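Inside the fold
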Amino acid sequence: YISQLDAFYKKDYINNDKGAYIFKNLWNIVIQRKDKIHKKSLYNLADVGIRAYNHQGIGSRENPYYKICEELKVHVPIETYIDTLNRSIQAHVNDFNFDKAIEVQIYTLECINILKKAIIDISELQDTDSNVSAKITSRGRALSSLGQFYAFKRNPKALGYFEEALEEFGDDEGNCQI
């Protein structure tokens, strides 16, 4: 059920009320059986909770699910945790706290850059084209988000982040059009 709810929140157009209702009821069931639920599953459901709250425009102070993910982050791959960090930034945007959003987004971008460097190194070991294999969609999205946050603050750094995001997306038309 968690993976189905996760897929629901990845759709382009969703019914927020329906998603929130399903999430709330699933969360209540899981919490009653918390000691029998794998920590990774609990993390994944809390991550969906972050998205559910984001889609409702709820800010960081009212979203308890990020704290739960923080407590359980040792139970998931680092890429999953970085994706959660990226999602949690929206709560700061919902609070109109663009400085905090920028701070956290720069941190996640640094983490993604470390992953990208590792991918480039592995690509070179494997004698593959790192220009293709090292394109990371989440990096492009982080750059684009930084562009948006700086644009909200009317900071000229915005354009550079947008341009770098487009470069990162490469031939990914879907993300380039967003």
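Up top you'll find the structure we're talking about.
In this text the structure is predicted, and so the values were computed from the model without any measurement. (Residues numbered from 1 in each chain as written. Predicted model: local features only at pLDDT ≥ 70, side-chain atom pairs only at ≥ 80, totals over all residues. Heavy atoms only, no water.)

With respect to the packing of aromatic side chains
The criterion, for reference: Two rings from Phe, Tyr or Trp (for Trp, the six-membered ring) form a pair when their centres are within 6.5 Å of each other. A pair whose planes differ by under 30 degrees is stacked, one over 60 is edge-to-face, and the rest are tilted. Secondary structure is summarised from DSSP: a helix means a run of H or I of at least four residues, a strand means a run of E of at least two, and numbering begins at the N terminus for each. Using a 1.4 Å probe on the protein chains alone, a residue whose accessible area is under 20% of its type maximum counts as buried, one over 50% counts as exposed, and one in between counts as partly exposed.
On inspection of all chains with the given rule, the structure shows seven aromatic pairs. Taking 5.5 Å as the distance between ring centres and 5 degrees as the angle between the ring planes, the aromatic pair formed by Tyr150 and Tyr161 counts as stacked. With Tyr150 in helix 8 (residues 137-152) and Tyr161 in helix 9 (residues 157-169), the pair connects residues that are 11 residues apart, well separated along the chain. Note on Tyr150: relative accessible area 8%, which makes it buried. Taken together through their ring pairs, the aromatic side chains of Phe23, Trp27, Tyr53 and Tyr65 make up a single cluster.

Quick look at the pattern of salt bridges
Selection rule: Salt-bridge detection follows one rule: a side-chain nitrogen of Lys or Arg within 4 Å of a carboxyl oxygen of Asp or Glu.
Summed over all chains, the structure comprises nine salt bridges. Residue Asp99 pairs with Lys153 through a salt bridge whose shortest N-O separation is 2.5 Å. Placement of the pair is Asp99 in helix 6 (residues 98-125) and Lys153 in the loop between helix 8 and helix 9, with a sequence separation of 54 residues. One salt bridge connects Arg139 with Glu168, and the closest N-O pair in it is separated by 2.7 Å. A residue pair is termed long-range when its members are at least 10 positions apart, and Arg139 in helix 8 and Glu168 in helix 9 qualify at 29 residues. Arg139 gets classed as buried once you look at its relative accessible area, which sits at 9%. Where salt bridges share partners, they join Lys116, Arg139, Glu164 and Glu168 into one cluster.

A few points about the packing of helix 6 against helix 8
When two helices pack together, you describe them by how their axes are tilted relative to each other and by the distance separating the axes. Basically, it comes down to this: As a rule, the C-alpha atoms of each element are fitted with a line to give its axis, helices using only the stretch in contact, and angles between N-to-C directions run from 0 to 180 degrees. Comment on the angle field: the value is read as roughly parallel under 35 degrees, roughly antiparallel over 145, roughly perpendicular from 65 to 115, and oblique elsewhere. Crossing handedness is read from the near helix: turned anticlockwise from the far helix by less than a right angle, it gives a left-handed crossing, and turned clockwise, a right-handed one. Contact criterion: two residues are considered in contact whenever any of their non-hydrogen atoms come within 4.5 Å of each other. Gly is placed with the polar residues, together with every amino acid not listed as nonpolar (Ala, Val, Leu, Ile, Met, Phe, Trp, Tyr, Cys and Pro) or charged (Asp, Glu, Lys and Arg).
Across the interface, helix 6 lies against helix 8 with an axial gap of 9 Å and an inter-helix angle of 155 degrees. It follows from the interaxial angle that helix 6 and helix 8 lie roughly antiparallel. Crossing angle aside, the handedness with which helix 6 passes helix 8 is left-handed. From helix 6, Phe98, Ala101, Ile102, Gln105, Ile106, Leu109, Ile112, Asn113 and Lys116 reach across to helix 8, where they touch Ser138, Arg139, Ala142, Leu143, Ser145, Leu146, Phe149, Tyr150 and Phe152. A breakdown of the residues in the contact of helix 6 with helix 8 according to their chemical character gives 12 nonpolar, four polar and two charged.

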